[in-house]
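Summary of structural features
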Amino acid sequence: MDLDKQLHKAVRHFWSTRNAQARKQGAATGQRDAGARTAVTGGKQMNGFINLVRDLLIENGISSPSVHCEKSVELPGYFRPEKCWDLLVIVDGTLIASIEFKSQVGPSFGNNFNNRTEEALGNTTDIWAAYREGAFKPSARPWLGFFMLLEETPRSTAPVRAREPHFKVFPEFKAASYARRYEILLTKLVRERLYDGACFLLSEPTTGRKGHFREPNPELTFRNFAESLVARAIAHVKTSPARAHPLGPTVIRDPVKRDSGK
């Protein structure tokens, strides 16, 4: 699989789907939802990324029925009965991975950033408490991932003043844009081992329709995200006595040129 090509294709799908949903809903109702809600209420714009990750897993030895994307995506929680994830990998009753795919398009970057932060922290707190209490037995610690695409616009990349009426915020948040705040959030989530992998993409609507995007942080690239996930999947397939089919080659790493000695 050409990972870069497929990632560009997923970005194109994101923007084209949002635009199509907005046009469809506007034509049907004669008016558009406030802000970006027109496209959000349609859903499905993240399917390109979800399907890309699904295909990578299948290509690297996970059987198709073990990758759940559209249905049977509920996991038990500790603070609530269940939570729907965007992608689950469950092989022979073992939870291998769970991933959340999120996006944010303006104009309400401030409120939505806080909502995404609370969701990310709440979900990881809930799933790890459920794991601690044996909700996923006999599973070992699953791989937990968070994927985020943010609209690149002057409003998301401009410095934002932090409010400090009583105490000072941490220095890294001083004048940090919403894009920078997402970088900080996702980096800390991984470094604190609340998530095993995170990906952060920036994409502008006009060029995004052609598949263009940026990865502003080398720790949060899609390749790093995918390699970490695939490594976990491969490790399970190699040790599973009941794997569905032989393990194929790892296809997302760049080939290493070996010295022939000549």
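Scroll up to find the structure this text is about.
Notes on the structure in this doc start here.

The rules behind each value
- Residues numbered from 1 in each chain as written.
- Predicted model: local features only at pLDDT ≥ 70, side-chain atom pairs only at ≥ 80, totals over all residues.
- Heavy atoms only, no water.
- Helix = DSSP H or I, 4+ residues; strand = E, 2+ residues; numbered from the N terminus.
- Contact = heavy atoms within 4.5 Å.
- Areas by Shrake-Rupley, 256 points an atom, 1.4 Å probe, with all protein chains shown as cover.
- Salt bridge = Lys/Arg side-chain N within 4 Å of Asp/Glu carboxyl O.
- Buried < 20%, exposed > 50% of the residue type's maximum accessible area, 1.4 Å probe, protein only.
- Polar contact = N/O pair within 3.5 Å; in protein donor to acceptor, adjacent residues only side chain to side chain.
- Core = buried A, V, L, I, M, F, W, Y, C linked by side-chain atoms within 4.5 Å.

Quick look at the overall build of the protein
- What the protein contains, in helices and strands, is eight helices and seven strands.
- Taking all contacts inside the protein whose residues are at least 6 apart in sequence as the whole, residues at least 24 apart take part in 63%.
- Looking at the protein as shown, the accessible area adds up to about 14200 Å², and 51% of this sits on carbon and sulfur atoms.

Let's talk about the pattern of salt bridges
- All told, the structure shown has 14 salt bridges when counted by the stated rule.
- Put simply, Glu-119 and Lys-102 hold a salt bridge, and the shortest N to O gap is 3.7 Å. Linking Glu-119 in helix α4 (residues 109-132) with Lys-102 in strand β5 (residues 94-104), this pair joins segments that are 17 residues apart in sequence.
- Judged by its relative accessible area of 30%, Glu-119 falls in the partly exposed class.
- Residue classification places Lys-102 among the buried residues on the basis of a relative accessible area of 18%.
- Its salt-bridge partner being Glu-183, residue Arg-180 comes within 3.2 Å of it at the nearest N-O pair. With Arg-180 and Glu-183 both in helix α6 (residues 178-191) and three residues apart, this pair spans about one turn of that helix.
- When salt bridges with common partners are traced through the structure, they connect Lys-83, Glu-100, Lys-102, Arg-116 and Glu-119 into a single cluster.

Points about the side chain of Thr-117
- Considering the arrangement of structural elements, one finds Thr-117 in helix α4.
- A distance of 2.9 Å separates the side chain of Thr-117 from the backbone oxygen of Phe-113, its partner in a polar contact.

Some details on the nonpolar core
- Phe-49, Val-53, Leu-57, Leu-87, Phe-101, Phe-147 and Phe-222 are the most contacted members of the largest nonpolar core, which has 37 residues in total.
- At the level of secondary structure, the elements contributing two or more residues to this core comprise α1 (3-29), α3 (47-59), β4 (87-91), β5, β6 (143-151), β7 (197-203) and α8 (222-239).
- At eight residues, α8 tops the list of elements feeding residues into this core.
- In this structure, Val-53 is in contact with Leu-87, Ile-99, Phe-101, Phe-222, Phe-225 and Leu-229, ignoring residues within four places of it in sequence.
- Membership of the second largest hydrophobic core comes to 28 residues, among which are Phe-136, Phe-146, Leu-189 and Leu-202.

Notes on the environment of Tyr-78
- Topologically, Tyr-78 is positioned in the loop between β2 (74-76) and β3 (82-84).
- Separated by 51 residues in sequence, Tyr-78 and Ala-129 have C-alpha atoms that sit 5.8 Å apart.
- Filtering out sequence-adjacent residues up to four positions away, Tyr-78 remains in contact with Asp-126, Ala-129, Ala-130, Arg-132 and Glu-133.

Remarks on the environment of Ala-97
- Relative to the helices and strands, Ala-97 is located in strand β5.
- A relative accessible area of 0% means that Ala-97 is categorised as buried.
- The sequence separation of Ala-97 and Trp-143 amounts to 46 residues, and the corresponding C-alpha distance is 4.4 Å.
- Among all residues touching Ala-97, those that are not within four sequence positions of it are Leu-87, Leu-88, Val-89, Trp-143 and Leu-229.

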